[in-house]
Amino acid sequence: MFKRGLAAAFAVLCAAGGALAQSNIPSPTLDAIRARGQLNCGIHPGVAGFALPDSRGEWQGFDVELCRGLAVAILNDASKVRFVPLSSSTRFTALGSGEIDVLFRTSTQTMLRDTTLGLRHVTTYFFDGHGFMVRANAGVTRVRDMAGATICLIQGTTNEQVTADYFRSVSVAFQPVVFERTDQAAAALAAGRCDSFGTDASQLAGVRAAMPNPADWTVLPERFSKEPYAAYIRRGDDNWHDIVRWYTTAVIEAEEQGVTRANAEEMRRTSVNPNTRRLLGVTPELGQSLKLDPAWAYNVIRAIGNYGEIYDRTMGPNTPVALPRGPNNLHTNGGLIYALPMR
Ligand SMILES: N[C@@H](CCC(=O)N[C@@H](CS)C(=O)NCC(=O)O)C(=O)O
């Protein structure tokens, strides 16, 4: 009897020990955000679907929403976020120098970024792949046939290397024309200075949607790389890592559980499902483990909705970007989006 009691006590300690031990370690990033009352969030300077100011000058897009939601998780206020637009080539140094707390900026996770920049990438929130856009009447169907083509690329991106690697691998020559900004590359493409624009396919959909006549442009169906996006943070702040990681997971978990902006309040009141009660903070352990309000994830879902709602609003079929969910569907619907267990 006594032995069994002891074993049970150890089992409880084993399950919760990590969280209890960690809650005493401070997070310099979280403390700084609380002290200034605002999250500094690095975003793309302008691509439809991820981050683009609307006609009232308000930032809209998937990455923008993830910034707003993180501000809600910490400060319970979606307006307590300062958006810092960053080019591809300056984004990681801006993060390293402390100008931003987190980077939600169409940033692919790669091994060398993870191991050499003094940064950490967090949880995959978007699966993409490199593609090429050409004029619809160019008569091109296969990228391999673009021998000698001039290709617009953006400096400091994975896309520069992916393009060079591909053409080298098939021993075909091409001419890179490298720009700092997406709008410069799109303008060069429209003006005929490049035969093609090579970047992540989701962003090509955004660039195409913003062209004066989108039907003039085709995103070729081939994909040349894996471009899984995650938030980036600085190394050495494990509690901040936990917050960004489990915040991103909660947005996905909400969709898996069918918790939406509209029904979150009712589900919080009535659900008897322990997973839902934990997620929505009816029982407080998840928030406690992150040193956040028990209602942190509930507040997030009320403010920005679940993963699918954010997707639909920013790049879904009823938006100009109109990107099919494909790999960004839940794993239960044939996609790759999968929340680690929140318990
Ligand atoms: N996923 C890629 C590329 C991301 C990306 O944002 N590419 C283009 C956009 S089409 C860009 O950087 N634009 C720069 C700008 O407009 O400042 C990476 O992590 O390197």
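Residues numbered from 1 in each chain as written. Predicted model: local features only at pLDDT ≥ 70, side-chain atom pairs only at ≥ 80, totals over all residues. Heavy atoms only, no water.

Novice: Give me the site of the ligand: which residues, what numbers.
Specialist: Around the ligand, 22 residues are found, and the nearest of them are S88, R91, T182, D200 and Q203. Contact distances for the ligand include 2.8 Å between an oxygen atom and a side-chain N or O atom of T106. The contact in question runs from a nitrogen atom of the ligand to an N or O atom on the side chain of D200, over 2.6 Å. Within the complex, the protein chains bury 99% of what would otherwise be the 510 Å² of accessible surface of the ligand. Only α6 (158-169), β10 (196-200) and β12 (227-234) provide two or more residues apiece to the shell around the ligand. A per-class count over the shell around the ligand returns three nonpolar, twelve polar and seven charged. Split by domain, the residues of the shell around the ligand number at least three in each of domain 1 (25-128 + 228-256 + 300-322) and domain 2 (130-225). (Near = heavy atom within 4 Å. Polar contact = N/O pair within 3.5 Å; in protein donor to acceptor, adjacent residues only side chain to side chain. Areas by Shrake-Rupley, 256 points an atom, 1.4 Å probe, with all protein chains shown as cover. Helix = DSSP H or I, 4+ residues; strand = E, 2+ residues; numbered from the N terminus. Nonpolar A, V, L, I, M, F, W, Y, C, P; charged D, E, K, R; others polar. Domains from an automatic or database assignment.)

Novice: Tell me about the packing of aromatic side chains, and name the residues and values.
Specialist: This structure, assessed with the given rule, holds 16 aromatic pairs. Between Y125 and Y229, the ring centres sit 6.4 Å apart and the planes meet at 65 degrees, which makes this aromatic pair edge-to-face. Here Y125 is found in strand β6 (residues 119-128), whereas its partner Y229 is found in strand β12, with 104 residues between them in sequence. As far as burial versus exposure is concerned, Y125 and Y229 are alike and both buried. Their ring planes at 25 degrees and their centres at 5.4 Å tell us that F126 and Y229 sit as a pair that is stacked. In this pair, F126 sits in strand β6 while Y229 sits in strand β12, placing the two residues 103 residues apart along the sequence. (Phe/Tyr/Trp six-rings, centres within 6.5 Å; stacked < 30°, edge-to-face > 60°. Buried < 20%, exposed > 50% of the residue type's maximum accessible area, 1.4 Å probe, protein only.)

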